[in-house]
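# Report on the structure
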Amino acid sequence: MSPDGEPVPVDPSTVVTAKRKTTKSSRSWISIDATGQRTVLDDDKYAIMHRVQIHARDLRILDPNLSYPSAILGRERAIVLNLEHIKAIITAQEVLIRDSSDENLIPVLEEFERRLPVVQGDAEAGEEDESPFEFRALEVALEAICSVLAARTTELETSAYPALDELTLKISSRNLERVRKLKSAMTRLTARVQKVSDELEQLLDDDDDMADIYLSRKLVGVSSSLSVSDEPLWYPTSPTIGSKISRASRMSSVSVRGDDDENDVEELEMLLEAYFMQIESTLNKLTALREYIDDTEDYINIQLDNHRNQLIQLELVLSSGTVCISMYSMIAGIFGMNIPYAWNDDHGYVFKWVVSLTGTFCAVLFVIVLSYARFKGLVGSWWSNENKQGGS
């Protein structure tokens, strides 16, 4: 509106652009329910927080723009899952996944749609999959992460071992640069695998954290406790209030069940241990690759040290020869001076004796220096190798 009170027309393109940006930012979640049906949600973060009853700090863990370590957090009504490219919230009825453009997420979504519906067994046997919904969703996520990391490790091994063998045969700038890139990739991959392994190990060490992941059982406990008290089943709008009510309901249900659920985390523990062993196997492969790289580096350093020692020994031999030749040149220079002296007349035979004796003396001095150096172990290995090669 202008200062005179008259309305000012607004550019339609500006309105459309703002609306598009808002829609794009809100459309960031994909919901997959127990039937395997995929739904794209237009809810913002506050609606998601109200939907699954989690805090804002838990939702920030799943922000792709922020860097958070791998985490599997059990909350009162949800499981917050942050493993590599899988950033999801698992409830007892659905899975909410960040709508990411990562190509690795596409097969994970297809696997969720295929495996989340309850698999009916043989009609005659009357068997069916009794695993809770959240366990099936967690298993799909863990299997996807372990498979991706194992595939990356296999690719790295396929490239690293031939490169290291080639480097041991020929030390060149190209081979060194290739191994350097592979070692950097191995370090980054090891850190990723180690984070997932540490998170699973931490979860396995705490029974209380594993008990928090039993969402279906907690939901049944809340329903039974509210039905006993003749109160309607409702969901609080505040995560804090919901956490207190759910915790109180879970404690009351545990007290009613008594000692029957003393080992109530056994099913989840077996599930986590299976994938923990798989991720540990991947980590062992990376550890073996690191040891192989370290052994190759030690071998190359030994080779370089050996070449350096040979150069030093060669320098010692050349320096000794230079000193002897310098003495010979000094004597030749003295007799070559253009200075008149009487004893040079009628003594031509002296030239042959001076040349012969000086040459012999320099050669003997050179042999004495090398013998002394070999006696002290300064040129022993190189001199012996040269003699063996010359003799053969």
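Here the structure is a predicted model, which is why all the values come from computation and not from measurement.

### Quick look at the sheet that holds strand S4 (residues 79-83)
A sheet is described by the order of its strands in space; here six strands give the open sequence S2-S1-S6-S5-S4-S3, paired in antiparallel fashion. Every interior strand has two partners, whereas the edge strands, strand S2 (38-41) and strand S3 (71-74), have only one. Neighbour-to-neighbour, the strand axes of the sheet open up by a mean angle of 20 degrees, direction not taken into account. Here four bridges tie strand S1 (residues 29-33) to S2, and the two strands are oriented antiparallel to one another.

### Let's talk about the pattern of salt bridges
Evaluation of the coordinates by the stated rule reveals 13 salt bridges. In this structure, Arg 115 and Glu 111 form a salt bridge, with 3.4 Å as the shortest nitrogen-oxygen distance. In this pair, Arg 115 and Glu 111 both sit in helix H4 (residues 105-115), four residues apart, roughly one turn of the helix. Using a relative accessible area of 22% as the deciding quantity, one classes Glu 111 as partly exposed. When the shortest N-O distance is used, the salt bridge between Glu 297 and Lys 183 registers 2.8 Å. Here Lys 183 lies in helix H6 (residues 173-205) and Glu 297 lies in helix H10 (residues 266-335), a separation of 114 residues in the sequence. Take Lys 183: its relative accessible area is 27%, and that puts it in the partly exposed class.

### A look at the confidence of the model for the chain
On average, residues of the chain score 77 in pLDDT, and 73% of them are at 70 or above. In the model, residues 12-26 has pLDDT below 50 throughout and makes four contacts with residues more than four positions away in sequence or in other chains. Under a pLDDT of 50 for its full length, residues 228-260 has, in the predicted model, 30 contacts with residues more than four places off or in other chains.

### Looking at the pairing of strand S6 (residues 94-98)
Judged by how many residues are buried, S6 sits mostly within the fold: five of five residues are covered. Across the two faces of S6 the burial is the same, with Glu 94, Leu 96 and Arg 98 and Val 95 and Ile 97 all buried. Note that S1 and S6 share five bridges and pair antiparallel. Of the residues in S6, the one forming a bridge with Ser 31 is Leu 96. Taking the residues between adjacent antiparallel strands as the criterion, strand S5 (residues 86-90) and S6 are bridged by three residues.

The rules we used
Residues numbered from 1 in each chain as written. Predicted model: local features only at pLDDT ≥ 70, side-chain atom pairs only at ≥ 80, totals over all residues. Heavy atoms only, no water. Pairing = 2+ DSSP bridges. Helix = DSSP H or I, 4+ residues; strand = E, 2+ residues; numbered from the N terminus. Axes fitted to C-alpha atoms, helices over the stretch in contact; angles between N-to-C directions. Salt bridge = Lys/Arg side-chain N within 4 Å of Asp/Glu carboxyl O. Buried < 20%, exposed > 50% of the residue type's maximum accessible area, 1.4 Å probe, protein only. pLDDT = per-residue confidence, 0-100. Contact = heavy atoms within 4.5 Å.

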